[in-house]
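# Structure at a glance
Each chain, letter by letter, is given below.
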Amino acid sequence: MAPGQSTEDLGQQNQTMRAGEDEESSRGSRRRHLRKLPAAAGCGTFTFLSSAVAAISGLLMGYELGLISGALLQMRSILALSCKEQEIVVSSLLFGALFASLIGGFLIDQFGRRLAIIIASSLLVLGSLILLPYESYGIFIVGRIAIGISISLSSIATCVYIAEIAPQHRRGLLVSLNELMIVIGILFAYISNYAFARVSHGWKYMFGLVIPLGALQAIAMYFLPPSPRFLVMKNNDEAARKVLERLRETSDATKELTVIKSSLKDEHQYSFLDLFRSRNNMRARMLVGLTLVFFVQTTGQPNILFYASTVLKSVGFQSNEAASLASTGVGVVKVVSTVPATVFVDQVGSKTFLCIGSSVMAVSLVTMGLVNRNIYVNFTNVCRSQSPEDFFLQRPGNLTGVTNGSLKDLFASMASPERLSFDAQRSPDVARMGELNKTALAGGKSTTGSHMESGEVPVVLKWLSLASLLVYVAAFSIGLGPRNT
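A brief look at the structure comes next. All figures in this text were calculated on a predicted structure; none of them were measured in a lab. (Residues numbered from 1 in each chain as written. Predicted model: local features only at pLDDT ≥ 70, side-chain atom pairs only at ≥ 80, totals over all residues. Heavy atoms only, no water.)

## Considerations on the environment of Val366
By the secondary structure assignment, Val366 is in helix H15 (residues 350–373). Linking Val366 and Ser468, residues 102 residues apart in sequence, is a C-alpha distance of 9.0 Å. (Helix = DSSP H or I, 4+ residues; strand = E, 2+ residues; numbered from the N terminus.)

## Remarks on the environment of Val53
Assignment of secondary structure puts Val53 in helix H2 (residues 45–78). For Val53 and Thr158, which are 105 residues apart along the polypeptide, the C-alpha to C-alpha distance reads 9.7 Å. The residues contacting Val53, other than those within four sequence positions of it, are Gln217, Ala220, Met221 and Leu224. (Contact = heavy atoms within 4.5 Å.)

## Some points on helix H4 (residues 113–131)
Compared with an ideal rise of 1.5 Å per residue, which puts 19 residues at 27 Å, H4 spans 27 Å between its outermost C-alpha atoms and is within 8% of the ideal. When we look at burial in H4, the residues that qualify are Arg113, Ala116, Ile117, Ile118, Ala120, Ser121, Leu124, Val125, Gly127, Ser128 and Leu131. Buried residues along H4 sit in contact with H2, helix H3 (83–111), helix H5 (137–165), helix H7 (202–208), helix H8 (210–222) and helix H9 (228–233). (Expected span 1.5 Å × (residues − 1). Buried < 20%, exposed > 50% of the residue type's maximum accessible area, 1.4 Å probe, protein only.)

## Comments concerning a nonpolar patch on the surface
Where nonpolar side chains cluster on the molecular surface, the patch consists of Leu98, Phe99, Leu102 and Ile103 and spans about 400 Å² of accessible area. With respect to the helices, strands and loops of the structure, Ile103 is situated in helix H3. (Patch = residues over 30% accessible without salt bridge, like charges linked within 9 Å, V, L, I, M, F, W, Y side chains within 5 Å. Areas by Shrake-Rupley, 256 points an atom, 1.4 Å probe, with all protein chains shown as cover. Salt bridge = Lys/Arg side-chain N within 4 Å of Asp/Glu carboxyl O.)

## Examining the packing of aromatic side chains
Under the criterion given, the structure shown has 7 aromatic pairs. Relative to Trp463, the ring of Phe317 has its centre 5.3 Å away and its plane inclined at 85°; by these criteria the two rings are edge-to-face. With Phe317 in the loop between helix H13 (301–314) and helix H14 (320–348) and Trp463 in helix H21 (residues 459–479), this pair connects stretches of sequence that are 146 residues apart. On the basis of relative accessible area, Phe317 is assigned to the buried category, the value being 6%. Aromatic rings pair up to connect Phe140, Trp203 and Phe207 into one cluster. In this structure, Lys462 is placed above the aromatic ring of Phe317, and the distance from its NZ or CZ to the ring centre is 5.2 Å. (Phe/Tyr/Trp six-rings, centres within 6.5 Å; stacked < 30°, edge-to-face > 60°. Lys NZ or Arg CZ within 6 Å of the ring centre and 35° of its normal.)

These values are about where atoms sit, not about what they do.
Structure below.
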C-alpha cells in the first residue's frame, strides 16, 4: 500500500507542478501581452513626440495673444500712439487671423498639415523680425498682421495634424495637449511682460523671445512624418501605410488604413450646403457650434487677454510693473483652471461645465461692474497714461536747446485758460484733465494716471476688481474653454 500511495502522491505532485507551470506560463504570456499593448495601441514615444512638437504652435499662439497686454504699455509712449492707433495695433493681429481662417482650410488640404505648420512657424519668425529693428507704427501693423496669419493657420493645422496621427483612444488627450500649451503660452507672455516692464525698449525683447522657438519648431516639423490621412487623400496609400506603422510601432497597419479610407468615402457624401440642411442633423450641429464660438467672443475674454495690464492700471495698479505683475495672475489662473477642466470634462460632461462656468462668469461680471462703478476712470487717461512732459523727455532728439524750465513753461502754456475753455466745449473730461495737468505742472509733478478724480483708488476696491477678474477668467476656462468649443 505504501508504494502505491507514494506513486499516487507523486502523480498528484507532478500534476500540481504542471498546473503551476501552465499558470506561470499563462501569467508570463499575459504580462508579455500587456507590455505589447502600448505599441499595439499606437500611443508610443514617437506619436507623443510628434504631437508635442506640433503643440508648440499652441504655446506660440498663447504667447502672442497675451504679449500685447504688456507691450502696449511701453509702445504707446515710445510710438506716441493715440487711443485709436492702440486699438488698431491690437486688432491688426485679428485682421491677419481672419484672413488666414478664410484660406487656412484650403491650404492644409492642398499642401498638407505638416507643411502648413512649417509655413506658419516661419511666418511667425518673419513677422517678429519685422518688428524688432524699427519703431514705426506702419511697420508694426504689418508685422502684427503677419503674426496673426501665422497663429491662425497654425491653430487650424496643428489640431488637425495631432488628431490624424493620434490613435483613436488617445486622440482627445493629445489634442488637449495643444489647448494646454495655449494657456501656458499666455502665462509665459504675462511673465515676460512683468520681466521687461522696466527694461528700456523691453517690448522688443518680448517679441524677440519667440523667434528661436518658432525656428526650432519649423526645423523639427520638417523631420516629422506627414499626416497619414493627408497621404491617403493624395492617393499615396503605400506612404500612408509606412507612416502608420512607424507611428503605431507595428508591422501591420492595414486595418487602420482601411478605416481611414472608409471615413474619407463617408466625407465625400457631404457638401458645403449640407451644413445648412437637416440631413443627419447637420444644421443643428452647426448652429450649436456657431453659438458657442459667438459667446466665446462676446463674453469679452479676448479683450481681457489683450488689455489685461491696461484694465488693471486703470483701477489702481499704477505703474507698468505693478499692472503687469497683477496680470500675471490671469495667466496662472487660466492654467490652473484649464487643467482640471480638460482632465474631467469626459467624466463630468461639457454641458455641466458650460452651465457652471457661465453662471460664475455672470456673477463675477456683475461684481466687477458694481466695483468699477465706484471707481472714477478717465478713459482718455487710460489710453494716455503718460504726461506730455514725461513723454517729450523720453523722445530722442527732442532736447536740443531746450531747458528744464522752458519745458515746464511750454507745457504749462498748453494748459492755459484759453485752451481749457476750448476743451471744455468739446468734452468735460478733457477739460478736467487739462486742469489736472496745469495744477500738476505748476507744482513740478506729472499726472501719470495715478491720480483719479477723488484721489487714489481704495485698496479694497482695487483688489476686489482683481479678484473678480481672476474668477471670471477661471470660470471662462472651465465653461467656455477650447475643449468645450
